[in-house]
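Take a look at the letters that make up each chain.
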Amino acid sequence: MSVPKENIRNFSIIAHIDHGKSTLADRLLELTDSVAKRDMTAQLLDDMELERERGITIKAHAVKLDYTAKDGKTYELNLIDTPGHVDFNYEVSRSLAACEGAVLVVDASQGIEAQTLANTYLALDHNLELVPVINKIDLPAADPDRVAAEVEDVIGLDCSMAPRVSAKTGENVEQVLERIVEDIPAPVANDDAPLRALIFDSIYDNYKGVIVYVRVMEGTLKAGETMRMMATGAEFTVVEVGYMRATSMEPCDMLTAGEVGYITASIKTVRDAKVGDTVTKVQRPASEPLPGYRKVNPMVFCGIYPADGADYEALRDALEKLQLNDASLSYEPETSGALGFGFRCGFLGLLHLEIIQERLEREYLLDLVTTVPSVIYKIHLRDGSVVEVDNPTHYPDPADIDYAEEPVTNAHIYSPPDYVGAIMDLCQDRRGVFKDMTYLSKDRVDIHYELPLNEIIYDFFDVLKSRTRGYASFDYEISGYQRSNLQKLDVLLNGDMIDALSFIIHSDKAMARARRIAERLKETIPRQMFEIPIQIAIGSKVIARETVRAMRKDVLAKCYGGDITRKKKLLEKQKEGKKRMRQFGTVEVPQEAFMAVLKLEDNG
Amino acid sequence: MSAGLYIHIPFCARKCDYCDFYSFAPTNEQMDAYCAALCRSVVDWSGDVTEPFDTVYFGGGTPSLFGGGRIAAVLNAVRRALPLTDGAQITVECNPSSVDEALVRSLAASGVNRVSMGLQSAVAAERLVLGRQSHPRQVTQALDWFRRAGIDDLSLDLMLGLPGQTPQTLGESLRFIEQSGVPHVSAYLLKVEENTPLFAKKDTLPFPDEDGVCDLYLQAAEALEGMGLRQYEVSNFARPGFESRHNLHYWRDEPYLGIGPAAHSFFGGRRFFYPRDFGAFLRGDTPVDDGEGGDESEFCMLRLRLTEGLSDDAFFNRFGKYLPQTVFDAAARLAPHGLLTVQDGTIALTKQGFLLSNRVIGTLTDSL
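A brief report on the enclosed structure follows. (Residues numbered from 1 in each chain as written. Chains lettered and ligands numbered in written order. Predicted model: local features only at pLDDT ≥ 70, side-chain atom pairs only at ≥ 80, totals over all residues. Heavy atoms only, no water.)

### What about the overall build of chain A?
Put simply, the test is: Secondary structure counts use DSSP, requiring at least four H or I residues in a row for a helix and at least two E residues in a row for a strand, with both numbered from the N terminus. The buried label goes to any residue with under 20% of its type's maximum accessible area, the exposed label to any with over 50%, and the partly exposed label to all in between, with areas taken from a 1.4 Å probe on protein chains only. Contacts are residue-level and defined by heavy atoms, with any inter-residue pair within 4.5 Å sufficient. Each accessible area is a Shrake-Rupley estimate made with a 1.4 Å probe; only the visible protein chains count as cover when residues are assessed.
The helix and strand inventory of chain A stands at 14 helices and 32 strands. Within the span of chain A, comprising 604 residues, buried residues form 59% of the whole. Long-range pairs, those at least 24 residues apart, make up 69% of the contacts in chain A with a sequence separation of at least 6. Counting only carbon and sulfur atoms, one obtains 47% of the accessible surface of chain A, whose full area is about 24400 Å².

### Considerations on the overall build of chain B
Across its full length, chain B carries 16 helices and 15 strands. Taking the intrachain contacts of chain B between residues at least 6 apart in sequence as the baseline, contacts between residues at least 24 apart amount to 69%. A total of about 14300 Å² of accessible surface is found on chain B, and carbon and sulfur atoms cover 49% of it.

### Structural notes on helix α3 (residues 68-81) of chain B
Residues and elements named next belong to chain B. The test is simple: Helix span, expected: 1.5 Å multiplied by one less than the number of residues in the helix.
Between its terminal C-alpha atoms α3 stretches 20 Å, which fits the 20 Å expected from 14 residues at 1.5 Å a residue. Along α3, the residues that are buried comprise G68, R70, I71, A72, V74, L75, A77 and V78. Buried residues along α3 sit against β1 (3-9), α1 (28-45), β2 (53-60), α2 (63-66), β3 (84-94) and α4 (101-109).

### With respect to the interface of chain B and chain A
Convention followed: A 1.4 Å probe defines the accessible area here, and the buried area is the portion of it lost by two parts on being joined, summed over both. When a carboxyl oxygen of Asp or Glu is within 4 Å of a side-chain nitrogen of Lys or Arg, the pair counts as a salt bridge. Each residue receives one of three labels: charged for Asp, Glu, Lys and Arg, nonpolar for Ala, Val, Leu, Ile, Met, Phe, Trp, Tyr, Cys and Pro, and polar for the others, Gly being one of them.
Listed as interface residues are 42 residues of chain B and, on the opposing side, 29 residues of chain A. Summing both partners gives a buried area of about 3500 Å² for chain B against chain A, and 56% of it is carried by carbon and sulfur. Considering only the surface of chain B that becomes buried against chain A, E210(B), N358(B) and R359(B) emerge as the three largest contributors, covering 19% of it. The partner of K575(A) in a salt bridge is D366(B), with the nearest N and O atoms 3.9 Å apart. Taken together, the elements giving at least two residues each to the side of chain B that touches chain A come down to β6 (184-189), α9 (210-226), α10 (245-251), β12 (288-292), α12 (296-303), α14 (325-334), α15 (351-355) and α16 (357-365) of chain B. Per-element tally for the side of chain B that touches chain A: the top contributor is α16(B), with eight residues. Class assignment of the residues belonging to the side of chain B that touches chain A gives a composition of 20 nonpolar, eight polar and 14 charged.

### Considerations on the packing of aromatic side chains
Aromatic rings in a pair are described by how distant their centres are and how their planes are angled relative to each other. Note the cut-off: Only Phe, Tyr and Trp rings take part, Trp by its six-membered ring, and two of them pair if their centres are within 6.5 Å. Stacked means planes under 30 degrees apart, edge-to-face means over 60, and tilted covers everything else.
In total, this model carries 28 aromatic pairs over all chains according to the counting rule given. Each ring, one from Y312(A) and one from F341(A), has its centre 6.2 Å from the other, and the planes form 65 degrees; the classification is edge-to-face. On the criterion of sequence distance, the pair formed by Y312(A) in helix α7 (residues 312-324) and F341(A) in strand β18 (residues 340-347) is long-range, its members being 29 residues apart. Residue Y312(A) is classed as buried on the basis of its relative accessible area of 16%. Look at F341(A) and you get exposed, because its relative accessible area is 55%. Taken together, a centroid distance of 5.3 Å and an interplanar angle of 80 degrees make the contact between F11(B) and Y34(B) edge-to-face.

### Notes on the sheet that holds β18(A)
All names here are of chain A. Basically, it comes down to this: DSSP calls a pair of strands paired once it identifies at least 2 bridges connecting them. Note on method: axes are straight lines fitted to C-alpha atoms, helices fitted across the in-contact stretch only, with angles between N-to-C directions ranging 0 to 180 degrees.
Overall, antiparallel pairing links the four strands, which are arranged β17-β18-β16-β19 in an open sheet. The sheet is open, and its two edges are formed by β17 (330-336) and β19 (368-370), each paired on a single side. Pairwise comparison of adjacent strand axes, ignoring direction, gives a mean angle of 30 degrees for this sheet. Across the face of the sheet, α7 comes into contact with β16 (300-306), β17, β18 and β19 while running at roughly 15 degrees to β18. Against the sheet, helix α8 (residues 350-363) makes contact with β16, β18 and β19, and its axis sits at roughly 165 degrees relative to β19, the strand it touches most.

### Section: the sheet that holds strand β2 (residues 62-68) of chain A
Residue and element names in this part refer to chain A. Taken in spatial order, the five strands make up an open sheet running β2-β3-β1-β4-β5, and their pairing is mixed. With partners counted over all chains shown, the strands left at the sheet margins are β2 and β5 (129-135), one partner each. Strand-to-strand, the axes of this sheet are offset by a mean angle of 30 degrees, without reference to chain direction. As judged from the five bridges shared by strand β1 (residues 8-15) and strand β4 (residues 101-107), these two strands associate in the parallel manner. Its bridge partner lying in β4, I14 is registered against L104. In the packing of helix α1 (residues 21-31) onto the sheet, the strands contacted are β1, β2, β3 (74-80) and β4, and the crossing angle to β1 comes to about 150 degrees.

See below:
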């Protein structure tokens, strides 16, 4: 079924995490009869197991809804879902590029939070029409008037028409659909122009190959035509085009300008269908590609190694598949003396890192060892050259270093005023420089700090949450580099340096961190056949040490009536147990030790 | 290569609280039936035997409870059906509380030339915790009877790591052993097995901690060697020439045939065992296969339990090739920690190494 172009609405929903975006999307699907009630599982668009568990949306999804509005006309609504978390601005950005408008969901009790603003600014960057929606009016603590006023004051959006809804109960949700139809403009679209379609997502299907999700800006495309990826130059014969429905793919004859849909074309390799690329036709190609996305660079790096070296190829395949629809993930092979062959991977932030790691483990059943995350340091050498270091192993000899620079962020923390003291303590402790503090309302403060990135990539968010009982929210953007007094700490076990455990740290913090790491390693490394000295060193100077005492007894004293099998089984079991361990020289280190080094902060 | 013959006697008047071996309190009829079944089994095996046996070992259980007459009957059957070398070492395990002069005379008359008895501890409180009925005086008495009957090859079992055991109480037990003058001692670290009465009450007992147990082991080893009993295996000490030749078959990865329920064998290249089922054995059920035996890893695992160690030559004689360099490399990494020595192509564990033998041996066999 096709509708006139003036009846098409392409929109996203943006919100701070937990403000009810996914639940609202579910209600919209129900209201437009896109999903039978019996097929409805909570948060339908979040179809990754991980997403449902964490209650966050990781990947962009898209779905076409049919809606008959109060004016009697039928509209084609294309909902493009976006992730809410700061780490995923890039994905938000690419979803927004395919839209003319966005529904801004704000929690009626919590009001504006860090990502509310971050996402709003992104949407405004894309010139989107914003439809404010006050959600969760069913909560006892809901104060829609106050929150509406906050939105008007802080963002400058007129909230007089803003629907006040409960996505949970469904109350007033139909008003959201009416506002989408009335306030968001139809696409400006010309079917006769040469094809230009923006790839905003893609998935891999074992039968169809890469399925490309596009927003057609101009022109048309149908099966049998030959298309070209403008960035890569790869050409494919279109096998099928169609629309994304909530629970299935719906093939159609032709995708036309203004529409959102999918293309299959027996695309085998992921690299040929880059998200952000423009699709055109070989017959009458467009002369200029669409502006791609703001290229985002990974900010946080770590080594990912297969626990079992034999899984190296499997890990590479998995990373390649993940990168298909997560262009912000980067990886390149690296070798560690301690861990063997693996990959140096780049991420947008720590959450992104954790999610990729979990997806590799859950979806690809890989057992991984992850090294301490690092940011990119700029090291200015005495000979005038500058090296960028994202792996502590490559840290230059201190004697060659003139000075070092580290990335810093503009960080905004939004919180009830009660926690200002705790937050400032935390930021101070993380080498933060106070910028200013603004009262958004009488119970909402925006605390602005300049914080070094390497202070927030480990556990900053976890600690912030625990110190503010979950009330504070946090957002940051890289603001540049600053000179910094850095040092590389090395970990030595039994006298051998474990390259995978080295990390770079500000010198003021080196001593305390070194002690803490030594303690944590002592707790995590099981006793072995001999005493294991743990040393943390800067260059050749040891600044912290601990000792794992030797185990003394592990023996089967007796032979039970010649029962040798029992002993053999014991040895086999022991061998199995060793597989969970990493062998460094004569020392066995459990994989948990690597995580223990990451998460150093005590709770509270 | 001569082999060992093991006869399991699954009978005990009362089970000790730490024991999970297969045994039960029998009637005379059950013991008679079992004696007949053993004799039949010996005959059944005779067709498969190519090498002579140089040891016979009656273990249990409590062979002394089985009685001198039945042991003599089984030994007769063995001599008739199986090749036995001259001077074969014939051992019977005895519980001091079931030894009397008649038994001693009968065992000596039937050719038994070695006896092993459980002392466990010379300290009353420690024996009580183990549920041992006999008294050290009975041990002294039994040793005297055996010697008078011409059996000098005598061994005592000693237990280490008992609840309440201290260097002082262990000293008492060691003094008892010294006075007894036995030429062989097995000193076992107590292992609390599941499904034993001791396991059920273990949390209420004052077991020495890991360091304490290790110190007791080292104290015992040192004292026994001071008496001229050289350590030759993780838990075994003997005056030279008085080693348990039967147990050496186990540690040298040589063949042995085990008869009776719960007895294990390494015979004809296979490992197999009789299930822990008395009735099945009486019916003549065949043993259960437990896979191929005697591979390189097993050979190393067992040889490394001996103080003579794992030698390149012995490995070559057995497998026609030398020990891989990787094993020596692994050994070289452990040697500086005092866990083993490497000398003239022989890897031998130290006393500290024996205490960690599961780890040390695992590390070496993983390097094969």
